[in-house]
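Single-letter residue listing:
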Amino acid sequence: MRRAKRMPPGAQAPTAAEQAAEGGQLPGQPLKKRLTTSAMIASLASEGQRTKPAPFGHALVEVAKNRPEVVGMTADLGKYTDLHIFGREFPDRYYQMGMAEQNLMLAAGGMAHEGFVPFVTTYAVFASRRAYDFISQGIVEEGLNVKICCALPGLTTGYGPSHQATEDVAIFRGMPDLTIVDPCDALDTEQATRAIAAHDGPVYMRLLRGNVPLVLDEYDYSFELGKAKLVRDGADALVVSSGFMTMRALEAAKLLEADRVSVAVLHSPTIKPLDEEAILREARRGGRMVVVAENHSVIGGLGEAVAGTLLRAGVAPAAFRQVALPDAFLDAGALPTLHDRYGISAEAMARSMKSWM
Amino acid sequence: MGERTTTLANAPSLEERAYRIRRNALRMGEVQGQGYIAQALGVADVLAAAYFHALRYRPEDPEWEGRDRFLLSIGHYAIALYAVLIEAGIVPADELETYGTDDSRLPMSGMAAYTPGMEISGGSLGIGLGIAVGMCLGLKRKGSDRFVYNLMSDGELDEGPTWEAAMSAGHWKLGNLICLVDVNRMQADGPSTGVLNSEPLPEKWEAFGWHAQRVDGNDVGALVRAFDAARALEEPKPRVIICDTKMAKGVPFLETREKSHFMRVEQHEWAQALEALEAGRKA
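Residues numbered from 1 in each chain as written. Chains lettered and ligands numbered in written order. Predicted model: local features only at pLDDT ≥ 70, side-chain atom pairs only at ≥ 80, totals over all residues. Heavy atoms only, no water.

1. Some points on the overall build of chain A
- Counting its regular elements, chain A contains 13 helices and 14 strands.
- Against the 2.2 N^0.38 benchmark of 21 Å for 357 residues, chain A shows a C-alpha radius of gyration of 20 Å, consistent with a compact globule.
- Principal-axis analysis of the C-alpha atoms places the extent of chain A at approximately 60 × 50 × 40 Å.
- Counting all 357 residues of chain A, 59% fall into the buried class. (Helix = DSSP H or I, 4+ residues; strand = E, 2+ residues; numbered from the N terminus. Rg over C-alpha atoms; globule rule 2.2 N^0.38 Å. Buried < 20%, exposed > 50% of the residue type's maximum accessible area, 1.4 Å probe, protein only.)

As structure tokens, this is what we get:
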């Protein structure tokens, strides 16, 4: 059935997702103060949170100083993926390939054929939806050493479905031999950039850019490709998470402390290959509920990957829940509104988890 | 270890090379009983001129850094490329009979990891030219003066990424790129003009910043002149040689066969085809 036109503000009927999530505006109620969508890339940082600018761009510059074979390639989104930092430092190693993602991926494959290590950037929607075949047949099937680093993963823009890559992980998980990385914050992004540069093989990395929150330096944590790390321990629930949802899980865990709910957080920034050993080890400990939190659709992402791992190993947790985006084309709007609406803000996550305990 | 750059005086003529390429292709076709025979016969002269006039390579070292790269974008033309790789001594002749059989190094659609001398996994049509663009950029970075040849079909001109790559090559002024378009005017569903008309071709490529030539792709002499002109051009532009070819060229009773994209040849016809080919052989 064709999607119906929107009603004017205030008369808007709640969507199924809004009804399911708390915080939705109900018709007939006085208008709440409405946030604006803001720029294409709103910062994920909450007010007062520590951030670092362009962690990917700066880390790549450091990597490239000792690696002359590293080149940068983009499809008219250098500035919006922080690759321009690399371009500024190494102008002759920076390839502006134009707004042509299919050709971008093929040309990166060609560069890798000649021994170079291209770091390729665009938005996650364009890499996953538009350029899939070219990544599959031009890069990954031949095992070429290309790093595809994509901004706007999941719900990190309010521009609506054209820019919200809510299914990129589901799409890419089906591709054999492709490593998938979903870092949490600035520290994770820097370390992951170094790690994927050192790894010989094709990688898809979900990129946080701009002023990226800095969280994990407060924990005993370092990024290791293919490893999940227990960032926080807890007795009642085990959260397995990737991307910025680890940051949200850590915030939610603090909120839940007030309700005497003790939450462990296992950060799994490598989604493929999944660190099944660490996940099974933690899931077997002490009959906790397992909650998988991801900035991605409930379909085909980390949640289903973890569920499959548990089922295949015959591990049955006390309960299994997902904090993830609904299987839907999401709304346009301001990120804080949308994160709350779809249940991936820290507060919404804490509310959900409390209701599940 | 000789770098083979020109046709030696005592070497077989290009016409003889083309004949042998066609013969190899027919023998491989017979293993399957059907396949992309007509394309292989049609493009044989282009491959003969490429591998025995234009390309620099070492048969004993197919990955030699100093080679010109030859990309087979049209994966299903693998039978044609195997035929020339065998003639060039890159693939052993005794593997010919394994074509398209289990565990063979010569699969029906070309794959880089399977076959010596196969640079890329083509077959998802429209991917070769973009890879060639990246290789050309890479070779320039390395200061190499080698060429990248991309062999594609007129059917691949239907694909959007072909034109993304064409525009990109023009933008980057890739003078080390030579694209060969095999225009046999036959696609999977029928004649190209009915499937999706891509003419006028030279004008399209020129508008994308290319140096374009159009030749009779079954005239070895014309092909040699076109390759020479493409290589000698000093203007920093990518070069395309549009080769008008005839499906199943060299075997008259197959040339007129209508269903030529994936041609069925009856068991008793293979010997006749080889005889017909032999009859047209120029000693």
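2. A short note on the UniProt feature "domain: Transketolase N-terminal" (unreviewed entry) in chain B
- Within this numbering scheme, the UniProt entry marks residues 29–273 of chain B as carrying the feature "domain: Transketolase N-terminal" (unreviewed entry).
- The span residues 29–273 of chain B shows a helical share of 37% and a strand share of 15%, and its end C-alpha atoms are spaced 11 Å apart. (UniProt positions renumbered as here; feature names shortened; annotations may be inferred.)

3. Some words on the interface of chain B and chain A
- If you look at the interface, chain B gives 25 residues, while chain A gives 23 residues.
- Summing both sides of the interface, chain B and chain A together bury roughly 2,000 Å²; the carbon and sulfur share of this comes to 57%.
- Sorting the residues of chain B by area buried against chain A places B:Arg141, B:Glu164 and B:Trp172 first, and these three jointly supply 30% of that buried surface.
- At the surface where chain B touches chain A, the tally comes to three salt bridges.
- Across the pair A:Glu114 and B:Arg69 runs a salt bridge whose closest N-O atoms are separated by 2.7 Å.
- Run the count over chain B and chain A and you get eleven residue pairs in polar contact (both at pLDDT 80 or more). (Contact = heavy atoms within 4.5 Å. Buried area = accessible area lost by both parts, 1.4 Å probe. Salt bridge = Lys/Arg side-chain N within 4 Å of Asp/Glu carboxyl O. Polar contact = N/O pair within 3.5 Å; in protein donor to acceptor, adjacent residues only side chain to side chain.)

4. Quick look at the pattern of salt bridges
Residue and element names in this part refer to chain B.
- Using the criterion set out here, one finds 43 salt bridges over all chains in the structure.
- Measuring nitrogen to oxygen at the nearest pair gives 2.8 Å for the salt bridge that ties Arg214 to Glu199. Taken together, the positions of Arg214 in strand S7 (residues 211–216) and Glu199 in the loop between helix H6 (192–195) and helix H7 (201–207) put the pair 15 residues apart, joining distant regions of the chain.
- Given a relative accessible area of 30%, Glu199 falls into the partly exposed group.
- Beyond isolated ion pairs, a larger network of salt bridges with shared partners links Glu16, Arg17, Arg20, Glu87, Glu278 and Arg281.

5. Examining unusual backbone geometry
- Look at the link from A:Lys272 to A:Pro273: it is a cis peptide, with omega at -5°.
- Along the chain, A:Pro273 turns up in the loop between strand S12 (270–272) and helix H10 (276–284).
- For the bond running from B:Glu199 to B:Pro200, omega is 0°, close enough to zero to count as cis.
- Within the fold, B:Pro200 resides in the loop between H6 and H7.
- With a phi close to 60°, B:Arg185 is a non-glycine residue in the positive phi region.
- Overall, the relative accessible area of 39% leaves B:Arg185 in the partly exposed class.
- Non-glycine residue B:Ala248 carries a positive phi angle of around 65°.
- Residue placement: B:Ala248 occurs in the loop between strand S8 (239–244) and helix H9 (252–255).
- A relative accessible area of 0% places B:Ala248 in the buried class.

6. Quick look at the packing of aromatic side chains
- Using the criterion set out here, one finds 16 aromatic pairs over all chains in the structure.
- On the numbers, 5.3 Å between centres and 45° between planes, the contact of A:Phe86 with A:Phe90 is tilted.
- Seen in terms of ring centroids, B:Phe147 and B:Tyr149 are 6.1 Å apart; in terms of plane orientation they differ by 55°. Their pairing is tilted.
- Looking at B:Phe147, the relative accessible area reads 11%, which means it is buried.
- Through a chain of ring-to-ring contacts, three or more aromatic side chains come together here, namely B:Tyr51, B:Tyr57, B:Phe70, B:Phe147, B:Tyr149 and B:Phe227.
- Positioned above the aromatic ring of A:Phe90, the side-chain terminus of A:Arg93 is 4.3 Å from the ring centre. (Phe/Tyr/Trp six-rings, centres within 6.5 Å; stacked < 30°, edge-to-face > 60°. Lys NZ or Arg CZ within 6 Å of the ring centre and 35° of its normal.)

7. Focus: the confidence of the model for chain A
- Of all residues in chain A, 93% attain a pLDDT of 70 or more, and the chain-wide mean is 93.
- Within the model, the stretch residues 22–26 of chain A combines pLDDT values under 50 with ten contacts to residues more than four positions away or in other chains. (pLDDT = per-residue confidence, 0-100.)

8. Observations regarding the side chain of B:Arg239
Residue and element names in this part refer to chain B.
- Summarising the element assignment, Arg239 is placed in strand S8.
- Buried and unpaired, Arg239 has no salt bridge, with Glu235 as the nearest side chain of opposite charge at 7.6 Å.
- There is a polar contact of 2.9 Å between the side chain of Arg239 and the backbone oxygen of Glu235.
- A polar contact is formed between the side chain of Arg239 and the backbone oxygen of Lys237, at a distance of 2.6 Å. (Lys, Arg positive; Asp, Glu negative; His and termini not counted.)

9. Here's the deal with the sheet that holds strand S6 (residues 179–181) of chain A
Residues and elements named next belong to chain A.
- Strand order in the open sheet made by the seven strands is S3-S2-S4-S5-S7-S6-S12, with mixed pairing throughout. The open sheet is flanked by strand S3 (94–96) and S12, the only strands paired with a single partner. Here the strands of the sheet are splayed against their neighbours by 20° on average, with no regard to which way each runs.
- Across five bridges, the pairing between strand S5 (residues 147–151) and strand S7 (residues 203–207) is parallel. When the sheet's bridge partners are listed, Lys147 is paired in S7 with Val203. (Pairing = 2+ DSSP bridges. Axes fitted to C-alpha atoms, helices over the stretch in contact; angles between N-to-C directions.)

10. What to know about the nonpolar core
- Formed by 85 residues in total, the largest nonpolar core has its most connected members in A:Met73, A:Met105, B:Leu177 and B:Trp205.
- Take this core: its biggest share by element is eight residues, from helix H4 (residues 128–141) of chain B.
- Domain assignment of the residues forming this core places at least three in each of domain 1 (54–213) and domain 2 (226–356) of chain A.
- With residues up to four places along the chain from it excluded, the contact list for A:Met73 reads A:Leu83, A:Tyr95, A:Met97, A:Leu104, A:Ala107, A:Ala108, A:Met111, A:Pro118, A:Phe119, A:Val120 and A:Thr121.
- Residues B:Val43, B:Leu106, B:Ala222 and B:Met263 belong to the second largest nonpolar core, which totals 68 residues. (Core = buried A, V, L, I, M, F, W, Y, C linked by side-chain atoms within 4.5 Å. Domains from an automatic or database assignment.)

11. Overview of the UniProt feature "transmembrane region" (unreviewed entry) in chain B
Residue and element names in this part refer to chain B.
- With numbering matched to this structure, UniProt assigns "transmembrane region" (unreviewed entry) to residues 36–54, 74–93 and 113–137.
- For residues 74–93, the helix share is 50%, the strand share is 0%, and the end-to-end C-alpha distance is 22 Å.
- Segment residues 113–137 splits into 40% helix and 0% strand. End C-alpha atoms: 23 Å apart.

12. Thoughts on helix H13 (residues 346–356) of chain A
- Residues A:Ala346, A:Ala348, A:Met349, A:Ala350 and A:Met353 constitute the buried set of H13(A).
- The inward-facing, buried residues of H13(A) abut strand S10 (237–241), helix H9 (245–257), strand S11 (263–267), strand S13 (289–297), strand S14 (320–325) and helix H12 (335–341) of chain A.

13. Description of the domain arrangement of chain A
All names here are of chain A.
- Taken domain by domain, chain A consists of domain 1 (54–213) and domain 2 (226–356).
- Centre-to-centre separation of domain 1 and domain 2, based on C-alpha positions: 25 Å.
- Contact with domain 1, which involves 30 residues of that partner, is made by 30 residues of domain 2.
- Counting the surface lost from both domain 1 and domain 2, the interface buries some 2,200 Å², and carbon and sulfur atoms represent 59% of this.

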